[in-house]
Amino acid sequence: MSATGSRVRAAKGQGGLLRSQLLDIADQLLEDGGAEALTIRAVATSAGVSPPAVYLHFASKRELVHATCLRVWSSLLSELEAVSRDIPDPVTALYEICVAYIGFGLRHPSQYRLVMTGEATEASRRNEDECFRYFRDKVAACADAGVPVTSGTETARVLCAGVHGAVSLLIHQERDTWPPDRDRYVGRAASSAVHGALLTASRTSGPSLVDVTQSR
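Residues numbered from 1 in each chain as written. Predicted model: local features only at pLDDT ≥ 70, side-chain atom pairs only at ≥ 80, totals over all residues. Heavy atoms only, no water.

**Quick notes on the overall build of the protein chain**
- In terms of helices and strands, the protein chain carries ten helices and zero strands.
- Secondary structure elements of the protein chain, listed N to C terminal, follow the sequence α-α-α-α-α-α-α-α-α-α.
- Across the 216 residues in the protein chain, those meeting the buried criterion constitute 38%.
- Within the protein chain, contacts between residues separated by at least 24 positions form 71% of all contacts whose residues are at least 6 apart in sequence.
- Only carbon and sulfur atoms are counted for the fraction: they give 52% of the accessible area of the protein chain, which is about 11,900 Å². (Helix = DSSP H or I, 4+ residues; strand = E, 2+ residues; numbered from the N terminus. Buried < 20%, exposed > 50% of the residue type's maximum accessible area, 1.4 Å probe, protein only. Contact = heavy atoms within 4.5 Å. Areas by Shrake-Rupley, 256 points an atom, 1.4 Å probe, with all protein chains shown as cover.)

**Considerations on the packing of helix H5 (residues 90–107) against helix H9 (residues 182–199)**
- Viewed as axis vectors pointing N to C, H5 and H9 meet at an angle of 135°, and their least axial separation amounts to 9 Å. By the criterion of interaxial angle, the relationship of H5 to H9 is oblique. Seen along the crossing, H5 lies across H9 with a hand that is right-handed. Across the interface between the two elements, Val-91, Leu-94, Tyr-95, Cys-98, Val-99, Ile-102, Gly-103 and Leu-106 of H5 pack against Arg-182, Tyr-185, Val-186, Gly-187, Ala-189, Ala-190, Ser-191, Val-194 and Leu-198 of H9.
- Partitioned by chemical class, the residues of the contact of H5 with H9 number 13 nonpolar, three polar and one charged. (Axes fitted to C-alpha atoms, helices over the stretch in contact; angles between N-to-C directions. Parallel < 35°, antiparallel > 145°, perpendicular 65-115°, else oblique. Left-handed = near helix turned anticlockwise from the far one by under 90°. Nonpolar A, V, L, I, M, F, W, Y, C, P; charged D, E, K, R; others polar.)

**Considerations on H5**
- Under the 1.5 Å per step criterion, the end-to-end length of H5 is 25 Å for 18 residues, consistent within 8% with the ideal 26 Å.
- Within the sequence span of H5, burial applies to Pro-90, Ala-93, Leu-94, Ile-97, Cys-98, Ala-100, Tyr-101, Ile-102, Gly-103, Phe-104, Gly-105 and Leu-106. (Expected span 1.5 Å × (residues − 1).)

**Overview of the nonpolar core**
- Grouped together as the largest cluster of nonpolar side chains are 59 residues, with contacts concentrated most on Val-43, Tyr-101, Ile-102, Leu-106, Phe-135 and Leu-159.
- Elements with a contribution of two residues or more to this core: helix H1 (15–33), helix H2 (40–47), helix H4 (61–84), H5, helix H6 (109–117), helix H7 (122–144), helix H8 (152–171) and H9.
- For this core, the element with the most residues is H4, which contributes nine residues.
- Residues lining this core come from more than one domain, with at least three contributed by each of domain 1 (12–59) and domain 2 (61–204).
- With sequence-adjacent residues up to four places away left out, Phe-135 is seen in contact with Leu-94, Ile-97, Cys-98, Tyr-101, Ala-156, Leu-159, Cys-160 and Val-163. (Core = buried A, V, L, I, M, F, W, Y, C linked by side-chain atoms within 4.5 Å. Domains from an automatic or database assignment.)

**Let's talk about the packing of aromatic side chains**
- Tallying each qualifying case throughout the model produces three aromatic pairs.
- Ring plane angle 90° and centroid distance 5.9 Å describe the contact between Tyr-101 and Tyr-112, whose orientation is recorded as edge-to-face. Of this pair, Tyr-101 sits in helix H5 while Tyr-112 sits in helix H6, and the two are eleven residues apart along the sequence. In this structure, Tyr-101 and Tyr-112 share a single accessibility class: buried.
- A ring pair is formed by Tyr-101 and Phe-135, whose centres lie 5.7 Å apart and whose planes are at 75°; its orientation type is edge-to-face. (Phe/Tyr/Trp six-rings, centres within 6.5 Å; stacked < 30°, edge-to-face > 60°.)

In structure tokens form, the structure reads like this:
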């Protein structure tokens, strides 16, 4: 279809509304059927419009995927900020952020796979970079409060590896193999990520049995 083809135009003042509705549908298609289910035609059918109406807002499937990825990550960062906003202790706030992050990934496995482990796209890279900077800022807040952190970047990287691993371990398996007590799993995984990253932030040697027993 040419750029000057007979695309359906949204009513005056309704373009933004339709775009938002199309992204809502794209999110749901991802939720129900994974990345393979997200096509221009499927979005158009679900919206009750023709494919040219979708192309008016998204020039290609790739652009639609980009927009969906960016919106998914935006909602995640808003959720992380909401759970930590009123917590004065930065380490506790970081723990709650990790709980929210892991919980979000497990609630939205298709979206998470698309952004974090699917085809690399510019939107995916932007999402990953923004998330990493967010965690690095929270690690810096812990350092400002007196936690001995030699390298904020390295510590944030270790922290991200922990929470990302906690999500990825499950979302690539069938749900009936997931831990029966998901909240306990999320809490332990978040605690392990935070304590592991911060407790080793100023150390170069590995832990010993003495370290483990003394920390009980």
